[in-house]
Amino acid sequence: MTHVSPAGKQPDSSGTGPSAAGKALYGGTGSRRITVRDIASAKERGEKWPMLTAYDAMTASVFDEVGIPVMLVGDSMGNCHLGYESTVPVTMDEITILSAAVVRGTKRALIVGDLPFGSYQEGPVQALRSATRLVKEAGVGAVKLEGGERSADQIQLLVESGIPVMAHVGLTPQSVHAYGGYPVQGRGEEAAQQLLRDAKAVQDAGAFAVVLETVPAEVAGEVTRSLHIPTVGIGAGPDCDAQVLVWTDMAGLTAGRVPRFVKQYAQLRQTLGDAARAYAEDVVGGAYPAAEHSFR
């Protein structure tokens, strides 16, 4: 992938320099959407950036307003939005509808739509058909698919056809049945070398970035240093170029146990529950609606 640096003075990696307001991914400003060229430039100047999942227009608009530069309409919607036990049942129809909502709710962020299980495994032609649907019907700026060497042909055809691709290696949740769970990937010399081969294969195929999920931090750091495209870590330590979290995990909306790598920045499940409880008690007790909530 050709790297194009923005003209003029480069912002510092913290995104707080005098020119950072216009160029930085997080905290930057502009009247257009972020593109894969901006992502490449961030890698060149050493800027780290955040990515979150989003599944609806309202939540996406909040993330867009605070400057989250990249949002993933992930098949994680299966677990945290649609009530499935895994990502496997998610369909193209579901991804397309929710991706379109996220696009409508945002102005600046690059929106990446996930290709769900069964939408690209048959080969490059099927992958192109699925990715084209997300671009045309939902308006996403890029797609994501799982797999390293095994998905290189799909990635190459998509990129040659004009569709930017974010790859995904390490733990690939669509393979949960093959794994028998969600084990850490890349442990041991042989597994680490395979992870590196997978990452280089998707880079060579034309991917503009690659997600590294649930791999040892040291291995992820080595992969990051070996690539010229950015790595996006989730459970992959601090040395990746970017980090992504499922937003319901990040905001404390997810019930029960969350993965070890998750840091919760709010407790929205408790906050929402408290609000619903207070509303219900007001209705039962006759305090709502009051005179100020009624028409005359």
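Scroll up for the structure.
Just so you know, these numbers come straight off a predicted model, no measurement behind them.

Chemist: Can you help me understand the sheet that holds strand E5 (residues 165-170) in this one?
Modeler: Pairing within the closed barrel is parallel, and its eight strands lie in the order E1-E2-E3-E4-E5-E6-E7-E8. Geometrically, the sheet is characterised by an average inter-axis angle of 25 degrees between neighbouring strands, direction not taken into account. Bridge analysis of strand E3 (residues 110-114) against strand E4 (residues 142-146) gives three bridges, and the strand direction is parallel. Bridge pairing in E4 places Gly113 opposite Val143.

Chemist: Please clarify how helix H7 (residues 152-160) should be interpreted in this entry.
Modeler: Residues Ala152, Gln154, Ile155 and Leu158 constitute the buried set of H7. Each buried residue of H7 sits inside an arc of 160 degrees when the element is viewed along its axis, so together they form one side. Residues of H7 that are exposed and point more than 90 degrees away from the buried face comprise Asp153 and Glu160. Elements that come into contact with the buried residues of H7 comprise helix H6 (124-138), E4, E5 and helix H9 (189-205). Taken from the residues just after H7, Gly162 is the one with a positive phi, measuring 95 degrees.

Chemist: What should I look at first to understand the pattern of salt bridges in this one?
Modeler: If the charged atoms of two oppositely charged side chains come close together, the side chains can form a pair. Using the criterion set out here, one finds eight salt bridges in the structure. Asp93 is paired through a salt bridge with Arg133; the nearest N and O atoms lie 2.6 Å apart. Taken as a pair, Asp93 in helix H5 (residues 92-104) and Arg133 in helix H6 lie far apart in primary sequence, 40 residues in all. A relative accessible area of 44% means that Asp93 is categorised as partly exposed. You can call Arg133 partly exposed: its relative accessible area is 27%. One salt bridge connects Asp114 with Lys144, and the closest N-O pair in it is separated by 2.9 Å. Of this pair, Asp114 sits in strand E3 while Lys144 sits in strand E4, and the two are 30 residues apart along the sequence. Per residue, the accessibility class of Asp114 equals that of Lys144, and both read buried.

Chemist: What exactly am I supposed to notice about the nonpolar core here?
Modeler: Proteins that are soluble and globular tend to have nonpolar side chains buried together. Of all hydrophobic cores here, the largest spans 58 residues; its most connected members are Leu115, Val143, Leu158 and Leu212. Residues in contact with Leu212, not counting those within four places in the same chain, are Val169, Ala220, Val223, Thr224, Thr231, Val232, Gly233, Ile234, Ala236 and Cys240. Membership of the second largest hydrophobic core comes to 20 residues, among which are Ala42, Trp49, Met166 and Phe208.

Chemist: Can you walk me through the pairing of strand E1 (residues 49-53) in this structure?
Modeler: Both faces of the sheet carry side chains from a regular strand, because those side chains alternate between them. For E1, the tally of buried residues reaches four of five residues, placing the bulk of the element in the interior. Pairing analysis gives four bridges linking E1 to strand E8 (residues 242-245), with the strands arranged parallel. Residue pairing for E8: Pro50 is matched across the bridge by Gln243. The pairing of E1 with strand E2 (residues 70-73) spans three bridges and is classified as parallel. The residue bridging Leu52 from the neighbouring strand is Met71, located in E2. The parallel pair E1 and E2, bridged by helix H3 (residues 57-66), forms a crossover whose chirality is right-handed.

Chemist: I would appreciate a short explanation of the packing of H6 against H7 in the present structure.
Modeler: Two quantities define a packed helix pair, namely the angle between the helix axes and the distance between the axes. It is at 8 Å that the axes of H6 and H7 come closest, and there the two elements cross at 50 degrees. Of the possible angle classes, the one that applies to H6 and H7 is oblique. Between H6 and H7 lies a crossing whose hand is right-handed. Together, Pro124, Val125, Ala127, Leu128 and Ala131 of H6 and Asp153, Gln154, Leu157 and Leu158 of H7 make up the contact between the two elements.

Conventions we followed
Residues numbered from 1 in each chain as written. Predicted model: local features only at pLDDT ≥ 70, side-chain atom pairs only at ≥ 80, totals over all residues. Heavy atoms only, no water. Pairing = 2+ DSSP bridges. Helix = DSSP H or I, 4+ residues; strand = E, 2+ residues; numbered from the N terminus. Axes fitted to C-alpha atoms, helices over the stretch in contact; angles between N-to-C directions. Buried < 20%, exposed > 50% of the residue type's maximum accessible area, 1.4 Å probe, protein only. Arc of directions from axis to C-beta. Contact = heavy atoms within 4.5 Å. Salt bridge = Lys/Arg side-chain N within 4 Å of Asp/Glu carboxyl O. Core = buried A, V, L, I, M, F, W, Y, C linked by side-chain atoms within 4.5 Å. Right-handed = clockwise from strand over helix to strand, strands pointing away. Parallel < 35°, antiparallel > 145°, perpendicular 65-115°, else oblique. Left-handed = near helix turned anticlockwise from the far one by under 90°.

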